[in-house]
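Below are the chains, spelled out letter by letter.
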Amino acid sequence: MKSFWLLPFGATELVGCRRFGRVAYRAYDQEVPALNALLRGRALFGASFDMEAVDDPAYGALFRKHCGLLTTDFSMKFGPLRPSMDRVDFSKADRLIDFAAEAAIPVRGHCLIWNEGNPEWLKRLSPAEVRYWLDRHVAEMVGRYAGRMHSWDVVNEPFWPDHGAEGGFRKGVWYDAMGPGYIQRAFSRAAIADPTVKLCLNEAWVERNTPMAQKVRQGLLRTVRNLLDAGARIDAVGLQCHLEPGPSMSLNVLSDFIGELGELPVEVYITELDVRDGSLRMSRRDAEVAVAELYGDFSNTVLAHANVKAMISWQLSDKYSWLRKEGFGQTPLPFDSNMRPNPAYFELARVFCEHSR
Ligand code: XIL
């Protein structure tokens, strides 16, 4: 276990979690350096955001300070946008894109096509109608924000081997209507609607050391190669990395996989980083240290790969983490509920300095 964090920003910022306790860094919590700036362009650091960033001024300020990239968390998904077949509500999505524009931070759209979280009305349609809605949704969304987005998660979480589909694909409304072909269809339609935005295939589980995760990794590599062979545009692979501390996770396995992706002409983004600390059986203080060390080891591992161009956490403050809402974590993110830096912040900062240009 590391016993202290040493930040190269001056003597007053010699901080120690275990040696000096939390008070040591609480004293200057407003003064800590901006995470994205510490990377000096080596990669972008960012976070997912939603209406809380717009409505809570302290939270909005945290994004503006630390992020060089934002991902829409919830309000640009198919379900919230299209509560019924004859109604589409872009109001929240528009506000998120405006927030990012006013802050001059590039924004990633998440996500166009996902076999989860879809409205009931879509599930009742025929395969031909579902195909129509894929084409229409991708064209409308990508077209509406064309020229304003950094990238789109075109397809989210295509694999779920436990569903038993050939190739390990996740079942759901899009897959059931079109088979695996829905993926290439979505990428092709998105490429037409915005010729310059980066198109990304986003997936979970890749850091797990389990037979199921192995199938997910194989499926992802196969799908990216197939898309490229078919002449489809795909610019990036997103690795979610909702980390679960323990033996089911392996940074070596993740590192090897990022290395394999490095042989393909795609960038790699870490897209949804957080730590499910709910399973840690230890005091809150010790859990914060364990989470911080995982953030440090993780970022050191992924930033060693030149193809990793972005690292995005899933929200920025514990207050708004989905893991906390769902009971899977207390301190999953770099900032606590009062927007003050957690120990994880300091580990990220230390590693970012080591990898900066
Ligand atoms: C989560 C959102 O953060 C929650 O607000 C929502 O209730 C459920 O989805 N993988 C993904 C994200 O790709 O879209 C999920 O986001 C988290 C897991």
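Residues numbered from 1 in each chain as written. Predicted model: local features only at pLDDT ≥ 70, side-chain atom pairs only at ≥ 80, totals over all residues. Heavy atoms only, no water.

Visitor: Now, about the overall build of the protein chain: what can you tell me, with residues and values included?
Guide: A count of helices and strands for the protein chain gives 15 helices and 11 strands. Relative to its length of 357 residues, the protein chain is compact, with a C-alpha radius of gyration of 20 Å against a globular reference of 21 Å. If you line up the protein chain on its principal axes, its C-alpha atoms span 65 × 40 × 40 Å. Looking at the 357 residues of the protein chain, the share that counts as buried comes to 59%. Partitioning the contacts of the protein chain with sequence separation of at least 6, the portion at a separation of at least 24 is 75%. In the structure as shown, the protein chain presents an accessible area of about 14,100 Å², 50% of it carried by carbon and sulfur atoms. Within the protein chain, the 45 negative side-chain charges are centred at a point lying 1 Å from the centre of the 43 positive side-chain charges. (Helix = DSSP H or I, 4+ residues; strand = E, 2+ residues; numbered from the N terminus. Rg over C-alpha atoms; globule rule 2.2 N^0.38 Å. Buried < 20%, exposed > 50% of the residue type's maximum accessible area, 1.4 Å probe, protein only. Contact = heavy atoms within 4.5 Å. Areas by Shrake-Rupley, 256 points an atom, 1.4 Å probe, with all protein chains shown as cover. Lys, Arg positive; Asp, Glu negative; His and termini not counted. Charge placed at Lys NZ, Arg CZ, Asp CG, Glu CD.)

Visitor: Can you lay out the packing of aromatic side chains for me, pointing to particular residues and giving the numbers?
Guide: Summed over the entire model, instances satisfying the criterion amount to 14 aromatic pairs. On the basis of an interplanar angle of 65° and a centroid distance of 4.5 Å, the ring pair of Tyr 59 and Phe 63 is categorised as edge-to-face. Taken together, the residues Tyr 59 and Phe 63, both in helix α4 (residues 57–66) and 4 residues apart, mark about one turn of the helix. Aromatic rings pair up to connect Phe 49, Tyr 59, Phe 63, Phe 99 and Tyr 320 into one cluster. Its guanidinium or amino end placed over the ring of Phe 78, Arg 82 lies 5.7 Å from that ring's centre, counting from NZ or CZ. When the ring centre of Phe 90 is taken as reference, the NZ or CZ atom of Arg 144 above it lies at 3.9 Å. (Phe/Tyr/Trp six-rings, centres within 6.5 Å; stacked < 30°, edge-to-face > 60°. Lys NZ or Arg CZ within 6 Å of the ring centre and 35° of its normal.)

Visitor: Would you mind going over the nonpolar core in detail, with residue names and values included?
Guide: Core analysis: the biggest nonpolar cluster contains 107 residues, and Phe 63, Trp 152, Trp 174 and Leu 239 have the highest contact counts within it. It is helix α13 (residues 284–303) that provides the largest number of residues to this core, a total of 9 residues. Those residues in contact with Trp 152 that sit more than four places away from it in its chain are Met 76, Gly 109, His 110, Leu 112, Met 141, Val 142, Tyr 145, Val 197, Lys 198, Leu 199 and Cys 200. Counting 6 residues, the second largest nonpolar core, distinct from the first, contains Leu 69, Cys 200, Ala 236 and Ile 312. (Core = buried A, V, L, I, M, F, W, Y, C linked by side-chain atoms within 4.5 Å.)

Visitor: I'd like to hear about the confidence of the model for the protein chain, residue by residue, with values.
Guide: On average, residues of the protein chain score 93 in pLDDT, and 92% of them are at 70 or above. Note on residues 1–29: pLDDT is under 50 here. Beyond four places in sequence and across chains, it has 66 contacts. (pLDDT = per-residue confidence, 0-100.)

Visitor: Hey, could you go over the site of the ligand for me, with residue numbers and the actual values?
Guide: Around the ligand, a shell composed of Asp 73, Lys 77, His 110, Trp 114, Asn 156, Glu 157, Gln 240, His 242, Glu 272, Trp 314 and Trp 322 is seen. Within the side chain of Lys 77, one N or O atom sits 2.6 Å away from an oxygen atom of the ligand. Protein chains shield 79% of the accessible area of the ligand, which is 410 Å² for the free molecule. Residues that form the shell around the ligand fall into these classes: 3 nonpolar, 4 polar and 4 charged. (Near = heavy atom within 4 Å. Polar contact = N/O pair within 3.5 Å; in protein donor to acceptor, adjacent residues only side chain to side chain. Nonpolar A, V, L, I, M, F, W, Y, C, P; charged D, E, K, R; others polar.)

Visitor: Tell me about the pattern of salt bridges, and please be specific about residues and values.
Guide: What the rule picks out here adds up to 20 salt bridges. Notably, a salt bridge pairs Glu 207 with Arg 208, separated by 3.9 Å at the nearest N-O pair. Overall, Arg 208 belongs to the buried group, its relative accessible area being 12%. One salt bridge in this structure joins Asp 235 and Arg 233, with 3.6 Å as the shortest N-O distance. The exposure class assigned to Asp 235 is partly exposed, which follows from its relative accessible area of 23%. You can call Arg 233 partly exposed: its relative accessible area is 24%. Ionic contacts of the salt-bridge type, sharing partners, join the residues Arg 82, Arg 136 and Glu 140 into one network. (Salt bridge = Lys/Arg side-chain N within 4 Å of Asp/Glu carboxyl O.)

Visitor: Go over the packing of helix α8 (residues 127–144) against helix α10 (residues 181–193), please, and point to the residues and values.
Guide: Axis separation between α8 and α10 bottoms out at 9 Å; the angle between their running directions is 35°. Along this stretch, α8 crosses α10, giving a crossing that reads as right-handed. Between α8, through Arg 131, Leu 134, Asp 135, Val 138, Ala 139, Val 142 and Gly 143, and α10, the contact on the second element is made entirely by Tyr 182, Arg 185, Ala 186, Arg 189, Ala 190 and Ala 193. Looking at the contact of α8 with α10 residue by residue, the classes come out as 8 nonpolar, 1 polar and 4 charged. (Axes fitted to C-alpha atoms, helices over the stretch in contact; angles between N-to-C directions. Left-handed = near helix turned anticlockwise from the far one by under 90°.)

Visitor: Provide a residue-level description of the pairing of strand β3 (residues 44–49), including the pertinent values.
Guide: Of all 6 residues in β3, 5 are buried, a share of seventy percent or more. Judged from the 4 bridges that link them, β3 and strand β4 (residues 69–72) form a sheet pairing that is parallel. Bridge pairing in β4 places Gly 46 opposite Leu 69. (Pairing = 2+ DSSP bridges.)

Visitor: Account for the packing of helix α11 (residues 211–229) against helix α12 (residues 251–261), naming residues and giving values.
Guide: Where α11 contacts α12, the two axes come as close as 11 Å, and the packing angle between them is 10°. Classed by the angle they form, the pair α11 and α12 counts as roughly parallel. Packed against α11, whose contacting residues are Arg 217, Leu 220 and Leu 221, the element α12 presents Val 253, Phe 257, Glu 260 and Leu 261 at the interface. For the contact of α11 with α12, the residue count by class is 5 nonpolar, no polar and 2 charged. (Parallel < 35°, antiparallel > 145°, perpendicular 65-115°, else oblique.)

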